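Geometric and topological summary
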Amino acid sequence: MKKTAIFLLITLFTVSILYAQDEKKTTIPLIGSEAPSFTAETTNGNLNFPRDFGKKWKVLFSHPRDFTPVCTSEILELAKMQNQLNELGIEIAILSTDNKELHQLWKESMEEVLSNEPVPVKIKFPFIDDAKAEISKLYGMLHAPVSTTRDVRGVFIINPDNIVEATYFYPMSIGRNLDELVRTVQALQTSHASNLFTPVNWKPGKDLLVPHFPYTKEELAENKDLVNEFYNVGSFLWYKKSLK
């Protein structure tokens, strides 16, 4: 009887440890998975994400805290890029564990700064109220070694079919490269449209990589111009020339 009781105690203790460890795990949506959906209050009203953005490309953009220097510099730059993002069919949603009221005050303070631009800018994208950190946990924005209450600088790029296409994280002290965010979406859009790949440091208008040998002998015999469309570097890197 005594041995049974000890065994049960050890079993319960082990299960409780495993449960506690599981609770501490951070789940991050993976590339190729469906973007987790949520409904939340924002500075633009209620948002059902990602559904409300329809067939646009979506970017969920998290930051640690309102009214802080690095975060403010990022949002100001995003605001100035709104026309460019719209032209590319990109919708932005900003996430942190601050509440909607603080978001609104911060937004207004930044719009005051932006009013001094040659063409005054209004911030049109929503700031999501995540005071309970439920969305931040859903998207793996809380990294426990750094903070359990404040998001790291996370980016999720989601395609028109609401599939996660790319994701990356920056530490709290380092501002993100927003040109790279735009370039990544442009690369994804180009790859989707062409069924080709983008090589290192690719930019719009540059040549694309072919994931297989670009043509057969029979195809070349029928269309001699194919040799002018493609070229190789070494034995297995084949490029398709850009139509500049």
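Before reading further, recall that the structure is shown in the block above.
Note that the structure is a prediction, hence the values are computed from the model and not measured.

A tally of regular secondary structure across the protein gives eight helices and 10 strands. Across the protein, contacts joining residues at least 24 apart in sequence account for 65% of those joining residues at least 6 apart.

The pairing of strand S9 (residues 230–233) with strand S10 (residues 237–240) spans four bridges and is antiparallel. Counted as the bridge partner of Val233 is Leu237 from S10. In this structure, the hairpin formed by S9 and S10 is closed by a connection of three residues, where Gly234 is found at a positive phi of approximately 75°.

A few words on the sheet that holds strand S8 (residues 208–210). Here we have three strands laid out as an open sheet, ordered S8-S10-S9, and antiparallel in their pairing. The sheet is open, and its two borders are formed by S8 and S9, each paired with just one other strand. Going across the sheet, the axis of each strand differs from the next one's by a mean of 40°, ignoring polarity.

Going through the model one piece at a time under the given rule, you end up with 13 aromatic pairs. With 4.9 Å between their ring centres and 70° between their planes, Phe213 and Trp238 make a pair best called edge-to-face. Remark: Trp238 occurs in strand S10 and Phe213 occurs in the loop between S8 and helix H7 (217–222); sequence separation between them is 25 residues. On the basis of relative accessibility, which here comes to 52%, the residue Phe213 falls in the exposed class. Members of the aromatic cluster, each reached through a chain of ring pairs, are Phe38, Phe49, Phe53, Tyr139, Phe156 and Phe169. Taking the ring centre of Phe61 as reference, the NZ or CZ of Arg176 above it sits at 3.6 Å.

Our next topic: the side chain of Thr97. Note on placement: Thr97 falls in the loop between strand S4 (90–95) and helix H4 (100–114). One polar contact links the side chain of Thr97 to the main-chain carbonyl oxygen of Thr149, over a distance of 2.7 Å. Contacts of Thr97, omitting those with residues within four sequence positions, involve Pro64, Asp130, Ala131, Ala133, Ser136, Thr149, Arg150 and Asp151.

Oppositely charged side chains can pair when the atoms bearing their charge come close. Considering all chains together, one arrives at nine salt bridges under this definition. Glu111 serves as the salt-bridge partner of Lys122, at 4.0 Å between the closest nitrogen and oxygen. Taken as a pair, Lys122 in the loop between H4 and strand S5 (127–128) and Glu111 in helix H4 lie far apart in primary sequence, 11 residues in all. Glu111 gets classed as buried once you look at its relative accessible area, which sits at 13%.

Thresholds, definitions, all that
- Residues numbered from 1 in each chain as written.
- Predicted model: local features only at pLDDT ≥ 70, side-chain atom pairs only at ≥ 80, totals over all residues.
- Heavy atoms only, no water.
- Helix = DSSP H or I, 4+ residues; strand = E, 2+ residues; numbered from the N terminus.
- Contact = heavy atoms within 4.5 Å.
- Pairing = 2+ DSSP bridges.
- Axes fitted to C-alpha atoms, helices over the stretch in contact; angles between N-to-C directions.
- Phe/Tyr/Trp six-rings, centres within 6.5 Å; stacked < 30°, edge-to-face > 60°.
- Buried < 20%, exposed > 50% of the residue type's maximum accessible area, 1.4 Å probe, protein only.
- Lys NZ or Arg CZ within 6 Å of the ring centre and 35° of its normal.
- Polar contact = N/O pair within 3.5 Å; in protein donor to acceptor, adjacent residues only side chain to side chain.
- Salt bridge = Lys/Arg side-chain N within 4 Å of Asp/Glu carboxyl O.

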